[in-house]
Amino acid sequence: MLATLSRLKSPRLLSPEIFLGYILGQEVRSKKVSLLTHSLPVSAAVRQKVTAGSRDVSSSCSLCAKVRGQPKKRELSEKKLTRCFVDHRRVKLMAGSGGRGVSSFHSEPRKEWGGPDGGNGGDGGSIIMKADKFVKSLAQVVPIYKGEDGQPGGSKNCYGKNGSSYYISVPVGTVVKEEGEALADLSEHGQEYLAVFGGIGGKGNRFFLSNENRAPMTATRGMMGQERVLQLELRTMAHAGLVGFPNAGKSSLLRAISNARPAVAAYPFTTLNPHVGIVNYRDHEQVAVADIPGIIRGAHLNRGLGISFLRHIERCRFLLYVLDLSSPEPWTQLVHLRYELDQYEPGLSLRPQVIIANKMDLPEAREKLETLKSHVSQRVIPVSALTGQNTEELILHLRELYDGYLQGEGSGEEKPKRW
């Protein structure tokens, strides 16, 4: 036995000098210098770890570490934003069915006639739509929803468990429709709409006990849950809406007055879905401005991108007409824009409005501005979204319209919308 133990050799630990030489060699290779020409200092912490033992030694060093920093968030392109933003959905909702009732009789020693003790089934789960301000799109809404079914009843008068209600989170401003008829307008955070009801649970034979029938054998099945096919439409909740022809500079203007970052390019129809920017003021008041895709002549005839996206400015209390001063006759754009808005909803173009003459940085813009003022009676604000010229006047006038909206709506029954 002793001879066998003497043959076993204990594991050897490498000496601290070997580990110190390995670390120095790694640092020399990373610097590509020679030990004869440069002396690399070794920190006291490394020496302490090396001399303490081989198990605490690490071959990593600060020279080999990667530079860590806060990664810069890349802006999404308009194509990716279009995939993420969905403003209409068609969903099929099927509520849970009720659980079946049970037909059973009580069984107990020395109790021959125990009587019926079958319990009722549980009710099916309903489906409820709830407005959530943290949800910005209908992209997470799936085409089909099925509620939870109720559990069947049991003996000993045990009732089945009710199915849990299912909540579908939708953005604030979602309109629920069925066959074109509006059923609910979820315009407040936390507002709920009971879309489909769950089925009622079946009755057990205990329910049918009476003086005439002391031993009922009847038990009913649960009712089927309600089924509906609904259309969900998202109408953006914003105070002001930017309306203009393609390439008029609406997205650039939204970038200049808010923190929104819509895609900007030198070709028409760059904006394919609405964007909302927030204009902040010193008194912590916020005004929401919506940028919608460009409108062209004949949009009500489904030309261009059509006018279906104009539902996003139905809730806007005032409109901002953005005119392109690089066009030959910018005042004709205003006439066409008002006509297209009235074709979508009569009276939509009569809301409080302001005319914005964009691209004032062009040489011929001054002359066209004077001609534009002679054709219109409303106030015209000349700006340049590219250079930021005169955007302060636009922001101040936007606040005047917002304050007038608060005073006008505050006197009525409807509560003014605050972002």
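Quick caveat: nothing in here was measured; it's all calculated off a predicted structure. (Residues numbered from 1 in each chain as written. Predicted model: local features only at pLDDT ≥ 70, side-chain atom pairs only at ≥ 80, totals over all residues. Heavy atoms only, no water.)

Novice: Sorry, what's going on with the overall build of the protein chain here?
Specialist: A count of helical and extended segments in the protein chain gives eight helices and 14 strands. With 419 residues in all, the protein chain has 42% of them scored as buried. Contacts in the protein chain between residues far apart in sequence, at least 24 positions, make up 72% of those at least 6 positions apart. Counting only carbon and sulfur atoms, one obtains 52% of the accessible surface of the protein chain, whose full area is about 25000 Å². (Helix = DSSP H or I, 4+ residues; strand = E, 2+ residues; numbered from the N terminus. Buried < 20%, exposed > 50% of the residue type's maximum accessible area, 1.4 Å probe, protein only. Contact = heavy atoms within 4.5 Å. Areas by Shrake-Rupley, 256 points an atom, 1.4 Å probe, with all protein chains shown as cover.)

Novice: Just checking my understanding: could you explain the nonpolar core for this structure?
Specialist: In globular proteins that are soluble, nonpolar side chains generally tend to be buried together. Grouped together as the largest cluster of nonpolar side chains are 29 residues, with contacts concentrated most on Ile295, Ile313, Leu341 and Leu372. Where this core is concerned, the elements lending two or more residues are β11 (286-291), β12 (318-324), α6 (330-344), β13 (353-358) and α7 (365-375). The dominant element in this core, judged by the number of residues it contributes, is α6, at four residues. Not counting residues within four places of it along the chain, the set of residues in contact with Ile295 comprises Val243, Gly244, Phe245, Pro246, Phe309, Leu310, Leu337, Glu340 and Leu341. Grouped together as the second largest cluster of nonpolar side chains are 25 residues, Leu253, Ala260, Tyr281 and Ile356 included. (Core = buried A, V, L, I, M, F, W, Y, C linked by side-chain atoms within 4.5 Å.)

Novice: It is not clear to me how the sheet that holds strand β7 (residues 192-196) should be interpreted in this structure. Could you clarify?
Specialist: By definition, the strands of a sheet pair up through backbone hydrogen bonds, in either a parallel or an antiparallel sense. An order of β4-β2-β7 is seen for the three strands of this open sheet, with the pairing classed as mixed. Looking at which strands have only one partner, the edges of the open sheet turn out to be β4 (166-171) and β7. Neighbour-to-neighbour, the strand axes of the sheet open up by a mean angle of 30°, direction not taken into account. Sheet analysis places strand β2 (residues 127-132) next to β4, joined by six bridges and oriented parallel. Paired with Ala131 across the bridge in β4 is Val170. (Pairing = 2+ DSSP bridges. Axes fitted to C-alpha atoms, helices over the stretch in contact; angles between N-to-C directions.)

Novice: Before we go on, may I ask you to explain the pattern of salt bridges in this structure?
Specialist: Once the charged atoms of two side chains with opposite charge are near each other, the side chains can pair. Tallied over the full model, the rule gives seven salt bridges. Note that Lys359 and Asp324 form a salt bridge whose closest N and O atoms lie 3.3 Å from each other. Here Asp324 lies in strand β12 and Lys359 lies in the loop between β13 and α7, a separation of 35 residues in the sequence. Lys359 sits in the partly exposed class, given a relative accessible area of 23%. (Salt bridge = Lys/Arg side-chain N within 4 Å of Asp/Glu carboxyl O.)

Novice: Looking at this model, I keep getting lost on the sheet that holds β11. Mind explaining?
Specialist: With mixed pairing, six strands are arranged side by side in an open sheet as β10-β11-β9-β12-β13-β14. What marks the edges here is a single partner per strand, and that holds for β10 (275-280) and β14 (380-382). The average angle at which neighbouring strand axes cross in this sheet is 25°, direction not considered. Sheet topology places β13 next to β14; three bridges connect them, and they run parallel. When the sheet's bridge partners are listed, Ile356 is paired in β14 with Ile381. Packing of α6 onto the sheet brings it into contact with β9 (240-244), β12 and β13, and relative to β12 it is tilted by some 140°.

Novice: Explanation requested: the side chain of Ser97 in the structure shown.
Specialist: Structurally, Ser97 can be placed in the loop between β1 (88-94) and β2. A relative accessible area of 14% means that Ser97 is categorised as buried. Contacts of Ser97, omitting those with residues within four sequence positions, involve Gly124, Lys146, Asp149, Gly150, Gly199, Met223, Met224 and Gly225.

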